[in-house]
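# Results of the structural survey
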There are 2 protein chains.
Amino acid sequence: MTNKAEEQTAGDLTRTGMALKHDRTWDYELDRIAEAVAEREATTVGLQFPEGLKRRGPAVVRDLGKILPETTEVMISGQPCYGACDLDTHLMRRTDLFVHFGHSPMKESDKILYVPLFSNVEVTPIMEASLAELAAPAEDADVGLVTTAQHMNQFDAMRSWLEERGYTVHTQRGDDRLTHEGQVLGCNYASADVSADQILYVGGGKFHPLGLAMEHPDKTVVIADPVNNVVTIAETEKFMKQRYGAVHRAMDAESFGVIFCTKIGQGRWETAQEIAQSNDDAYLITMDEVTPDRLTNFGLDAYVNTGCPRITTDDGPRFDKPMLTPQEYRIAVGEEPLDALAFDTFHGTW
Amino acid sequence: MTNKAEEQTAGDLTRTGMALKHDRTWDYELDRIAEAVAEREATTVGLQFPEGLKRRGPAVVRDLGKILPETTEVMISGQPCYGACDLDTHLMRRTDLFVHFGHSPMKESDKILYVPLFSNVEVTPIMEASLAELAAPAEDADVGLVTTAQHMNQFDAMRSWLEERGYTVHTQRGDDRLTHEGQVLGCNYASADVSADQILYVGGGKFHPLGLAMEHPDKTVVIADPVNNVVTIAETEKFMKQRYGAVHRAMDAESFGVIFCTKIGQGRWETAQEIAQSNDDAYLITMDEVTPDRLTNFGLDAYVNTGCPRITTDDGPRFDKPMLTPQEYRIAVGEEPLDALAFDTFHGTW
């Protein structure tokens with residue numbers, strides 16, 4: 001038995017400003033969870049959902065209750081979850097089996113069961129539409145292909161579809177942080193380091209392709225979004241202006257808070273330490289969730305976030321003081337030139 | 001050398017709506033910290049400040065830097081901190097010495113150094129003013145005396161002052177959760193369980209005396225606030241109306257989120273488990289910080305918070321769904337009568 005309830009929620013489009021054009025259904029793989037419970041003789045089970053799917057949590061608990069032994073205790077994580085590195089380690093320690101939905105594993109553990117939640121949305125219609133933006137094969141046959149975890153199950157089909165139309169498709173696995181060939185994360189675009197001047201990104205949202213375009217400024221990034229049914233070209237100009245603005249404002253800062261994020265997979269200790277040691281007015285601050293509320297009380301002039309780069313770039317405008325990536329900090333204090341500014345990415349696992 | 005810098009900030013009055021009438025200075029006991037660093041041969045030190053004093057963190061780091069060995073690494077906790085049970089255990093694990101400022105210990109550990117930050121504000125002028133609200137000794141000589149951690153250093157003086165004026169002062173230590181005789185916490189008023197019909201609370205803020213009055217509805221609670229320079233009588237009516245309102249709204253709820261708080265000292269597992277097991281439409285959700293943002297995504301009709309009762313009562317109106325204490329939940333589902341409603345308190349340590 002699987003649970004294919006129709007999604008009534010905005011899915012993972014929270015904060016993207018986009019509207020959902022397709023209803024999506026998800027397979028929560030309840031049978032696989034029940035098997036894992038039986039195998040491990042688990043009496044406690046923890047479930048963790050990405051933000052956009054938390055609303056489905058109670059129904060999944062209810063459906064699991066019907067197939068699990070009556071004494072099994074199921075708990076849902078209430079911690080924020082935007083990616084594989086947002087693992088709720090506390091709930092994991094507290095339970096015999098921990099199920100993480102919607103993100104592919106960054107690192108495996110016997111206790112964790114990853115349920116990928118692949119999207120059921122067809123990708124070929126939007127790929128058809130994307131041909132208008134891609135160079136024709138006669139002109140430039142090389143195309144890089146990347147997608148996100150939720151469309152990974154259709155990756156081979158995407159590749160074949162492009163090959164049938166005369167393209168030479170370039171893909172690669174990226175680095176250790178990425179589970180699948182062709183996969184990108186919000187913080188890692190190494191899978192797009194391929195010999196092609198154009199990259200086709202198939203996936204929802206606008207954050208991932210923006211990072212992709214920033215990380216590969218010499219490539220054209222075509223966004224085929226099967227969820228919102230739109231094809232666009234990633235434009236980095238507005239984003240860059242925002243980043244330059246933050247750097248310029250931070251140039252006047254006399255004090256810096258250097259944030260070391262304590263989340264698994266987000267700790268760049270050497271980077272944080274280096275900044276704090278090289279600047280008498282820089283103070284190390286440790287935290288898990290990096291939010292405007294938590295920083296306001298410190299009253300420092302600017303902050304450097306060595307944790308998740310998406311917090312810095314996507315949430316940056318929500319902070320009342322300039323929030324910089326480590327490189328942007330070095331530019332602000334004159335250690336690097338302004339035109340060196342690049343997208344902040346993460347490599348390796350934890 | 002100690003650091004007695006003048007406070008420019010609102011101190012711990014955040015969210016009380018009160019204005020600071022006295023400048024306060026705090027003794028950060030830098031010498032004691034330096035001694036502890038030397039004794040433990042600590043190379044890493046973590047500092048945790050209550051919200052209202054986080055702004056002083058960078059200056060304390062700077063001043064410590066002048067007296068600690070140059071290689072000592074000092075980090076500040078960026079986790080929210082409203083009480084002794086908000087210990088940043090992650091930073092504690094990461095450092096050789098962990099300094100917690102402003103709250104008295106709920107439990108001791110070799111690694112933790114508690115620095116109490118006693119207030120330097122004189123209490124006798126406001127006690128003088130409080131005599132207008134207390135029954136005269138000839139009428140009722142018995143008075144209970146309680147205060148908060150930050151005025152604890154003047155507790156004996158308060159007692160003597162009242163005795164000199166003809167009162168019989170009743171005090172007690174409360175239970176294991178409380179460090180000092182006469183001390184109250186936002187979640188524990190056991191030290192006011194004394195043989196007196198009137199209680200004199202000496203301290204800032206309005207949350208503590210409100211809890212006190214709720215917990216002891218048959219006693220008159222006189223608030224002598226030396227920080228804001230006002231004397232008032234604790235009134236619970238408005239507060240009770242808010243709580244009854246939450247209970248009434250929750251009576252229509254079809255689904256409940258039962259929050260188990262993972263913070264040290266805030267976990268009431270049996271209580272959470274009992275509710276979840278007795279109600280098919282109640283779902284266990286685990287988290288550390290309990291905030292409106294984190295609950296919104298679950299979309300349940302009402303929530304029961306088994307963690308810090310002050311979140312439920314003080315922050316209740318900020319949640320878009322009714323937020324109940326465990327007892328309020330039992331009232332909402334008809335297991336207890338409405339007029340049984342009492343203040344939710346915590347007992348014991350962790």
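Here the structure is shown first, and the text comes after it.
Being a predicted model, the structure only gives us computed values, none of them experimental.

## Some remarks on the overall build of chain A
When helices and strands are tallied, chain A shows 11 helices and 13 strands. Taking 350 residues into account, the globule formula puts the C-alpha radius of gyration at 20 Å, and chain A, at 21 Å, falls close to it. A principal-axis box enclosing the C-alpha atoms of chain A has dimensions of 60 × 55 × 30 Å. Considering only intrachain contacts with a sequence separation of at least 6, the fraction spanning at least 24 residues in chain A is 66%. As presented, chain A carries roughly 14,100 Å² of accessible surface, and 47% of it is formed by carbon and sulfur atoms. Chain A carries 32 positive and 56 negative side-chain charges, and their two centres are separated by 5 Å.

## Let's talk about the relation of the copies chain A and chain B
Superposing chain A onto chain B takes a rotation of 180° combined with a translation of 0.0 Å along the rotation axis, leaving an RMSD of 0.0 Å. The superposition operator between the copies reduces to a two-fold rotation axis. Closest approach to the rotation axis among the C-alpha atoms of chain A is made by A:Glu289, whose C-alpha sits 5.0 Å away. In this assembly, 100% of the residues forming the interface of chain A have copies in chain B that are likewise at the interface, indicating an isologous arrangement.

## Details of the pattern of salt bridges
Residues and elements named next belong to chain A. One pass over the structure, following the stated rule, counts 28 salt bridges over all chains. Note that Glu-328 is salt-bridged to Arg-243, the shortest N-O span being 2.6 Å. On the criterion of sequence distance, the pair formed by Glu-328 in helix H11 (residues 326-332) and Arg-243 in helix H7 (residues 237-250) is long-range, its members being 85 residues apart. Residue Asp-315 is joined to Arg-318 by a salt bridge in which the shortest nitrogen-to-oxygen separation is 3.4 Å. Three or more residues joined by partner-sharing salt bridges are found here, namely Asp-86, Lys-263 and Glu-289.

## A short note on the environment of B:Val304
All names here are of chain B. For Val-304, the location among the structural elements is in strand E12 (residues 302-305). Remark: the alpha-carbon pair of Val-304 and Ala-250, spanning 54 residues in sequence, is separated by 9.8 Å. When neighbours within four sequence positions are excluded, Val-304 is seen to be in contact with Phe-256, Gly-257, Val-258, Ile-259, Ile-275, Leu-324, Thr-325, Pro-326 and Tyr-329.

## Some thoughts on the pairing of strand E5 (residues 142-147) of chain B
All names here are of chain B. For E5, the tally of buried residues reaches five of six residues, placing the bulk of the element in the interior. Note that E5 and strand E6 (residues 168-170) share three bridges and pair parallel. Its bridge partner lying in E6, Gly-144 is registered against His-170. In this region the chain leaves E5, passes through helix H5 (residues 155-164) and returns to the parallel neighbour E6; the handedness of that crossover is right-handed.

## Looking at the interface of chain A and chain B
Chain A puts 36 residues into the contact, and the matching count from chain B is 36 residues. Taken together, the two surfaces of chain A and chain B that pack against each other cover about 3,400 Å², and 51% of this comes from carbon and sulfur. Of all residues in chain A, A:Tyr283, A:Asn297 and A:Phe298 give up the largest surface area on contact with chain B, accounting jointly for 18% of the area buried on that side. In this assembly, chain A and chain B are joined by zero salt bridges. At the junction of chain A and chain B, the tally comes to 24 residue pairs in polar contact (both at pLDDT 80 or more).

What counts and what doesn't
- Residues numbered from 1 in each chain as written.
- Chains lettered and ligands numbered in written order.
- Predicted model: local features only at pLDDT ≥ 70, side-chain atom pairs only at ≥ 80, totals over all residues.
- Heavy atoms only, no water.
- Helix = DSSP H or I, 4+ residues; strand = E, 2+ residues; numbered from the N terminus.
- Rg over C-alpha atoms; globule rule 2.2 N^0.38 Å.
- Contact = heavy atoms within 4.5 Å.
- Areas by Shrake-Rupley, 256 points an atom, 1.4 Å probe, with all protein chains shown as cover.
- Lys, Arg positive; Asp, Glu negative; His and termini not counted.
- Charge placed at Lys NZ, Arg CZ, Asp CG, Glu CD.
- Least-squares fit on C-alpha atoms with pLDDT ≥ 70 in both.
- Salt bridge = Lys/Arg side-chain N within 4 Å of Asp/Glu carboxyl O.
- Buried < 20%, exposed > 50% of the residue type's maximum accessible area, 1.4 Å probe, protein only.
- Pairing = 2+ DSSP bridges.
- Right-handed = clockwise from strand over helix to strand, strands pointing away.
- Buried area = accessible area lost by both parts, 1.4 Å probe.
- Polar contact = N/O pair within 3.5 Å; in protein donor to acceptor, adjacent residues only side chain to side chain.

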